[in-house]
Amino acid sequence: MSKFVYLFNEGNSEMKELLGGKGANLAEMTNIGLPVPFGFTISTQACNDYYEAGKKISAVVEAQILAALQQLEENTGKKLGDTANPLLVSVRSGSVFSMPGMMDTVLNLGMNDEAVKGVADLTGNARFAYDSYRRFIQMFSNVVLGIDSFYFEQFLEEVREQKGYSADPEMTAEDWQEVIAGYKQIVKKHTKNDFPQEPKEQLFLAIDAVFDSWNNQRAIVYRRLNKIPDHLGTAVNIQSMVFGNMGDDSGTGVAFTRDPSTGENILYGEYLINAQGEDVVAGIRTPQPIHVLEKDMPVVYKQFTATCELLEKHYKDMMDIEFTVERGKLYMLQCRVGKRTAQAAIRIAVEMVNEEIIDRKTALLRVDPDQLNQLLHRRIDDNHNQTQIAKGLPASPGAATGFVVFDADEAEQLGNDGKKVILVRSETTPDDIHGIVAAQAVVTSRGGMTSHAAVVARGMGKACICGCESIKIDTNAKEFTVGDTVVKYGDVITIDGSTGQVFLGEIPMIDPELSDEFKQLLDWADEARFLGVRANADTPEDASKALEFGADGIGLCRTEHMFMDPKRLPIVQEMILAETDEQRQVALDKLLPMQQGDFEGIFEAMKGHPVNVRLLDPPMHEFLPDKEELLVEVTKLQITAPDSEELKEKEKLLKKVNQLAEMNPMLGYRGCRLGMLNPEIYEMQARAICNAAVVLTEKGIPVKPEIMIPLVGHVNELKRMRELVVETAEKVKEEAGIGFEYQVGTMIEIPRAALTADKIAEEADFFSFGTNDLTQTTFGYSRDDAEGKFLQTYIEEKVLPENPFAVLDRDGVGKLVETGVKLGRQVKPNLKTGICGEHGGEKSSIEFCYEAGLNYVSCSPYRVPLARLAAAQATIRHQLAEEKETVTSK
Ligand code: PEP
Ligand code: MG
């Protein structure tokens, strides 16, 4: 017969899935001989069976509970409901992952009109006994019978007032008896029944209630937020009660074995004399720092600190401990691995290696890569008041305060004047780049995690919120509204790009600091990982940042951002508008030295590390003015200056804009299709890269250029573009009389390219998976619109498990990546493969890249530390799994 109920001495800390975290740790503490009030745990399996049977405890589980109860009674020498020596128990939830405060608890269960007399006699403290009984009625009625606590609190308040008391300690035993009588009437009024007196009935009702609380609203929301699966269920712990409120030789408290906010190796916690746990939580009395216990109860303090040390050594981690002292005797009520800030997580992990408590691999697995973001960016100081007005997607971490502006030019102007501004737009385009550069942060009401604003801001390490749909922007009125709140041009807002929150006014910030422990941990990560980590960087500044954060090279340099410089844009437009090849060549000749200068700067900054430069990708119209705005200007000029040169120019521009306009620009004339129809553009870029390589080689600085062709769908595209690049490079080498190594490869970002990767590999020295476009084209979802339109609903309703633009979809997009790698390496076994879509900076996608056998991931410079750690974790996890497999197969 299956076992559903475990006495504390029958479990251990490994049994979390079955006993929940709390139950497993109570069992572990019991087994290592710590003073834990005895009890038993009803398993999560029993919870799942309860739901399957239509919320009913089966006869088998019921029998096992009764048997365990009998054992508990024997062990404690007390009996549930007994007048002479009553057993009182707590009934608490306990799931595999901690869900603090989300589920229900009942304390002092077993109290009734008889037992309370027994407790009064035994303790010689009638006041305490009746206070405990009324607490039980209140808690049980609320949690189990569903009566709002308000009725009880209101009644208690009335009694207190009537007696002229200001606080509970003034209440006598008789007063509490009066309260109990009133409480019973409240129960009768709401349930039409008397308060249950039979302790076993109380017990089973409480167990049902704890099982039910697994599916209360707040538990469901908490699970969704923390990605805890719904099917796990909760265990129920039944434990004999101990009382911290039996006088000044009693008390209760919580402690962490190290400081959970800084990680410092000191006992950190607080306690209250003569109190129960709920008093600490309720915050009615201010607890004392834990070290005061040394003065109040020296013997207990010594025993407690020794127990903390023992627990930390036993679990080899920082522990969060709850304890109670009952009449001078210490009891351990709970222990679990303590939650901690990012800073503390790193410090504790590194110091525990130095203290020889854990090894490096364990230390690396202890820190969540996502937490590192907090340390690399400024963040909001939570100790100050905040008025949140809106929430969008957390597109790029960091926090910023500034004046609201709605236009990139204005952002630039004010930025140049030294003002801090936040650029608020419905969405951004490459046209806005100068405004983004000048702004502290960007907020868009549309667009998702791979929208232009998100990608650019992340690349620059700037805070950004996208898809903030509750914001309604009126650019003409220069204001945005959220409900009734109006925020005007020049008003100050603060945003947190790590959470997506927008606040009114200024909120103080905390600056990032990279500790020695942080650097140490990342050095260990580099030793452990096989997967390379590169950065997506488009400027020498980004490149230097990437190296500073430990990148192994550049995995994607998007050259279009270089075209967007306001000084260059007119020349780029001249190139696009050229009517003859000669005219176009004149413009290209002007652009060539500018691009060459960019590449020289980047190569120099990268000090010989590989630099992957992608040739021009975006549709041409992105470099031209907005069609609507142009139309307005032309219409105005037709009225005010019909014969002007300006009108002729604008009309010409409008004609070209119309010519280039496409219904689906993302599927249109972009990527290598540009190079196919206008090879002179790619030729100029290839020449600029190679000239830069020559200049650096002459200076004795090593260079490793990788030239990448975007959006290839057919091998013939790559074949032709490769020939163009190779021809240009060889010409440059010959002209300069200087040799340098270079490679020519392709992005794989169209499903057809992945499916025909064997043919494509014939022409490629490397593959880089562009998973932004690959996700877009595999799902057929627009990367610019989907998140604002339907993806959120898809994720909420679990149609999709995750946003595929943020977390790589292993089943679909991932399969294409695997196919691409496999087919490519059939032709070239050592084919270098990487990923440069936004997924390259996301921990679970990084693990996938490791499994798929990629050589490297590439992400924004600010995500490089995260990626180094995630890459190390992927390697270690797989090594550990392999070791385990070898052991079991032996
Ligand atoms: C991609 O598509 O994944 C990619 C890196 O290119 P871009 O985002 O510039 O289209
Ligand atoms: Mg792309």
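Everything numeric here is computed off the predicted structure, so don't read it as measured data. (Residues numbered from 1 in each chain as written. Chains lettered and ligands numbered in written order. Predicted model: local features only at pLDDT ≥ 70, side-chain atom pairs only at ≥ 80, totals over all residues. Heavy atoms only, no water.)

J.: I tried to follow the sheet that holds strand β5 (residues 89–95) on my own but got confused; where do I start?
T.: Within a sheet, neighbouring strands are paired by backbone hydrogen bonds and run either parallel or antiparallel to one another. As summarised here, the arrangement of the five strands in space is β1-β2-β7-β5-β6, forming an open sheet in which the pairing is antiparallel. The open sheet terminates on both sides in strands that have one partner only, identified here as β1 (5–7) and β6 (105–109). With direction set aside, neighbouring strand axes in the sheet form an average angle of 20 degrees. Inspection of the sheet shows strand β2 (residues 39–42) paired to strand β7 (residues 234–240) by four bridges, in the antiparallel sense. Each bridged residue has a counterpart across the sheet, and for Gly39 the counterpart in β7 is Gln239. (Pairing = 2+ DSSP bridges. Helix = DSSP H or I, 4+ residues; strand = E, 2+ residues; numbered from the N terminus. Axes fitted to C-alpha atoms, helices over the stretch in contact; angles between N-to-C directions.)

J.: Can you help me understand the pattern of salt bridges in this one?
T.: Scanning all chains against the criterion turns up 54 salt bridges. Between Glu73 and Lys79 there is a salt bridge, and its shortest N-O distance comes to 3.6 Å. With its nearest N and O atoms 3.8 Å apart, the salt bridge here joins Lys719 to Glu723. Placement of the pair is Lys719 and Glu723 together in helix α28 (residues 715–736), with a separation of four residues, close to one helical turn. Residue classification places Lys719 among the partly exposed residues on the basis of a relative accessible area of 36%. Connected through shared salt-bridge partners, Glu560, Arg614, Asp617, Arg670, Asp773 and Arg783 make up one network. (Salt bridge = Lys/Arg side-chain N within 4 Å of Asp/Glu carboxyl O. Buried < 20%, exposed > 50% of the residue type's maximum accessible area, 1.4 Å probe, protein only.)

J.: Got a minute to help me understand the side chain of Thr746 in this structure?
T.: Mapped onto the elements of the fold, Thr746 is located in strand β30 (residues 743–748). In this structure Thr746 touches Met708, Ile709, Val712, Leu718, Ile760, Ala764, Phe766, Phe767 and Ser768, once residues within four positions along its chain are discounted. (Contact = heavy atoms within 4.5 Å.)

J.: Sorry, what's going on with the nonpolar core here?
T.: It is characteristic of soluble globular proteins that their nonpolar side chains tend to be buried jointly. Formed by 151 residues in total, the largest nonpolar core has its most connected members in Leu521, Met575, Met620, Phe623, Ile709, Phe767 and Phe769. It is helix α27 (residues 679–699) that provides the largest number of residues to this core, a total of 11 residues. Shared between two domains, this core holds at least three residues of each, these being domain 2 (378–510) and domain 3 (529–619 + 662–859). The residues touching Phe767, leaving out its near neighbours within four places in the chain, are Thr746, Ile748, Ala757, Ile760, Ala761, Gly820, Gly824, Leu831, Lys832, Thr833 and Gly834. (Core = buried A, V, L, I, M, F, W, Y, C linked by side-chain atoms within 4.5 Å. Domains from an automatic or database assignment.)

J.: Before we go on, may I ask you to explain the coordination of the magnesium ion (ligand 2) in this structure?
T.: Reference values for angles at a metal are 109.5 degrees in the four-donor tetrahedral case and 90 or 180 degrees in the six-donor octahedral case. Looking at the magnesium ion (ligand 2), the protein donor atoms are Glu749 (OE) and Asp773 (OD), and they sit 2.0 to 2.2 Å from it. Of the two residues, Glu749 is situated in the loop between β30 and α29 (751–755) and Asp773 in helix α31 (residues 771–779); the sequence distance between them amounts to 24 residues. Note on Asp773: relative accessible area 4%, which makes it buried. (Donors = N, O, S within 2.8 Å, 3.2 Å for Na, K, Ca; no water.)

J.: What's the story with the UniProt feature "domain: PEP-utilising enzyme C-terminal" (unreviewed entry) in the protein chain in this structure? I'm lost.
T.: As annotated in UniProt, the feature "domain: PEP-utilising enzyme C-terminal" (unreviewed entry) corresponds to residues 515–874 in the numbering used here. The distance separating the terminal C-alpha atoms of residues 515–874 is 24 Å; by composition the span is 58% helix and 11% strand. (UniProt positions renumbered as here; feature names shortened; annotations may be inferred.)

J.: Can you walk me through the environment of Asp194 in this structure?
T.: Among the secondary structure elements, Asp194 is positioned in the loop between α7 (173–191) and α8 (199–213). Asp194 gets classed as exposed once you look at its relative accessible area, which sits at 57%. Sequence separation between Asp194 and Lys184 is 10 residues; the distance between their C-alpha atoms is 7.0 Å. In contact with Asp194, not counting residues within four places along its chain, are Val187 and Lys188.

J.: Is there a simple way to explain the sheet that holds strand β8 (residues 251–256) in this structure?
T.: One open sheet holds the five strands; their spatial order is β10-β9-β8-β11-β12, and the pairing between them is antiparallel. Edge positions in the sheet fall to β10 (288–289) and β12 (329–337), since each of these pairs with one other strand and no more. Pairing analysis gives eight bridges linking strand β11 (residues 319–326) to β12, with the strands arranged antiparallel. In the sheet register, Asp320 faces β12, and the bridge partner there is Arg336.

J.: What should I look at first to understand the packing of aromatic side chains in this one?
T.: Each aromatic ring pair is described using two quantities: the centre-to-centre distance and the angle formed by the ring planes. If you walk through the whole model with that rule in mind, you get 22 aromatic pairs. Each ring, one from Phe136 and one from Phe195, has its centre 5.7 Å from the other, and the planes form 85 degrees; the classification is edge-to-face. Separated by 59 residues along the polypeptide, Phe136 in helix α5 (residues 126–143) and Phe195 in the loop between α7 and α8 bring together distant segments of the chain. The pair formed by Phe136 and Phe195 is uniform in burial state, with each residue classed as buried. Where Phe767 meets Phe769, the ring centres are 6.3 Å apart and the plane angle is 85 degrees; that geometry is what we call edge-to-face. Like Phe769, Phe767 is buried. Here a set of aromatic residues connected by ring pairs shows up, and it is made of Phe779, Tyr781, Phe790 and Tyr794. Above the ring of Phe740, the side-chain terminus of Lys733 is found at 5.5 Å from the ring centroid. (Phe/Tyr/Trp six-rings, centres within 6.5 Å; stacked < 30°, edge-to-face > 60°. Lys NZ or Arg CZ within 6 Å of the ring centre and 35° of its normal.)

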